[in-house]
Amino acid sequence: MSVTSVDKDLDNLTLTLVADFAAPVERVWQLWADPRQLERWWGPPTYPATVEQHDLTPGGEVTYYMTGPEGDRHHGWWRVSSATPPTALEFTDGFADDEGKPRDDMPVNTVRVRLTEHGGGTRMEMRSLFDSREQMEQVLGMGAVEGLTAAVGQIDALLAS
């Protein structure tokens, strides 16, 4: 498995996942930049993603939904604040209703993705920053660590294909 660490820091309101891949930075960036490739790993294996809108430019949006084993759909959105291909991406990540509209009753967090050369391949660091301990605990309670680890764990197979 490519995930090397997951750190939950409730004091600093961060969740950080680090993963190492045997592929160049530019190739790993494509997993974010190409919506069809993003669909193949954004979401745990039992909740595959469908990307509806994909614009990784500052001010752009990504909208998607994950389909569960029973056919249930879980919608989400990103608002891109910065993108520096092929090494950095920052976006606000939130939950959406069945029509794709942001839900005010659910947590929102900021995600910072950094891709760096490491050991002949790429190290990906995804750091999620939360506004409050309650929001972070709510997301953790929903299985965020397990879901993110399973999702990112699918990347090795994509890079090998």
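To be clear, the structure that these remarks concern was listed above.
Just so we're clear, the structure is a prediction, and the values are computed from it rather than from any experiment. (Residues numbered from 1 in each chain as written. Predicted model: local features only at pLDDT ≥ 70, side-chain atom pairs only at ≥ 80, totals over all residues. Heavy atoms only, no water.)

Brief notes about the overall build of the protein
- Of regular secondary structure, the protein possesses 5 helices and 8 strands.
- Overall size of the protein, expressed as C-alpha extent along the three principal axes, is 45 × 35 × 30 Å.
- Considering the protein as a whole, with its 161 residues, one finds that 45% of them fall into the buried category.
- Once local pairs closer than 6 in sequence are excluded, the contacts in the protein between residues at least 24 apart make up 45%.
- Entry remark: accessible area of the protein is about 8,100 Å², with carbon and sulfur atoms responsible for 48%. (Helix = DSSP H or I, 4+ residues; strand = E, 2+ residues; numbered from the N terminus. Buried < 20%, exposed > 50% of the residue type's maximum accessible area, 1.4 Å probe, protein only. Contact = heavy atoms within 4.5 Å. Areas by Shrake-Rupley, 256 points an atom, 1.4 Å probe, with all protein chains shown as cover.)

What about the environment of Pro35?
- Topologically, Pro35 is positioned in helix 2 (residues 35-39).
- Along the backbone, Pro35 and Ser161 are 126 residues apart, and their C-alpha atoms lie at a distance of 17 Å.
- Residue contacts for Pro35: discarding those within four places in its chain leaves Val51 and His54.

Brief notes about the pairing of strand 6 (residues 88-96)
- Counting buried residues along strand 6, 7 of its 9 residues qualify, which places the element largely inside the surrounding structure.
- Two elements, strand 5 (residues 73-84) and strand 6, share 9 bridges in a ladder whose sense is antiparallel. Note that in strand 6 the partner of Arg79 across the bridge is Thr92.
- Joining the antiparallel neighbours strand 5 and strand 6 is a turn of 3 residues.
- Direction of pairing for strand 6 relative to strand 7 (residues 108-118): antiparallel, over a ladder of 7 bridges. (Pairing = 2+ DSSP bridges.)

A short note on the side chain of His75
- As for its position among the elements, His75 is in strand 5.
- Polar side-chain contacts of His75 include one of 3.4 Å to the backbone oxygen of Asp98.
- Each residue touching His75, except ones within four places of it in the same chain, is listed here: Glu52, Tyr64, Tyr65, Phe95, Ala96, Asp97, Asp98 and Gly100. (Polar contact = N/O pair within 3.5 Å; in protein donor to acceptor, adjacent residues only side chain to side chain.)

Here's the deal with the pattern of salt bridges
- Counting across every chain of the model gives 9 salt bridges.
- Between Glu90 and Arg112 there is a salt bridge; the shortest N-O distance is 3.2 Å. Here Glu90, found in strand 6, pairs with Arg112, found in strand 7; they are 22 residues apart in sequence, far enough to count as distant.
- With its nearest N and O atoms 3.2 Å apart, the salt bridge here joins Lys101 to Glu99.
- Take Lys101: its relative accessible area is 46%, and that puts it in the partly exposed class.
- Note on Glu99: relative accessible area 63%, which makes it exposed.
- In the salt-bridge network here, residues are joined through shared partners; they are Asp11, Arg133 and Glu137. (Salt bridge = Lys/Arg side-chain N within 4 Å of Asp/Glu carboxyl O.)

Describing the packing of aromatic side chains
- This structure, assessed with the given rule, holds 9 aromatic pairs.
- Seen from their ring centres, Trp32 and Trp78 are 5.8 Å apart, and the 45 degrees between their planes marks the pair as tilted. One end of the pair, Trp32, is in helix 1 (residues 25-33); the other, Trp78, is in strand 5, and 46 residues separate them in sequence.
- With a relative accessible area of 1%, Trp32 lands in the buried category.
- A centroid spacing of 5.6 Å and a plane angle of 85 degrees characterise the contact between Trp41 and Trp42, whose relative ring orientation is edge-to-face.
- Residue classification places Trp41 among the buried residues on the basis of a relative accessible area of 0%.
- The exposure class assigned to Trp42 is buried, which follows from its relative accessible area of 9%.
- One aromatic cluster in this structure is built from Trp32, Trp41, Trp42, Tyr64, Trp78 and Phe91.
- In this structure, Arg79 packs its charged tip against the face of Trp77, placed 4.4 Å from the ring centre. (Phe/Tyr/Trp six-rings, centres within 6.5 Å; stacked < 30°, edge-to-face > 60°. Lys NZ or Arg CZ within 6 Å of the ring centre and 35° of its normal.)

Honestly, that's just the spatial picture; any functional story needs more than this.
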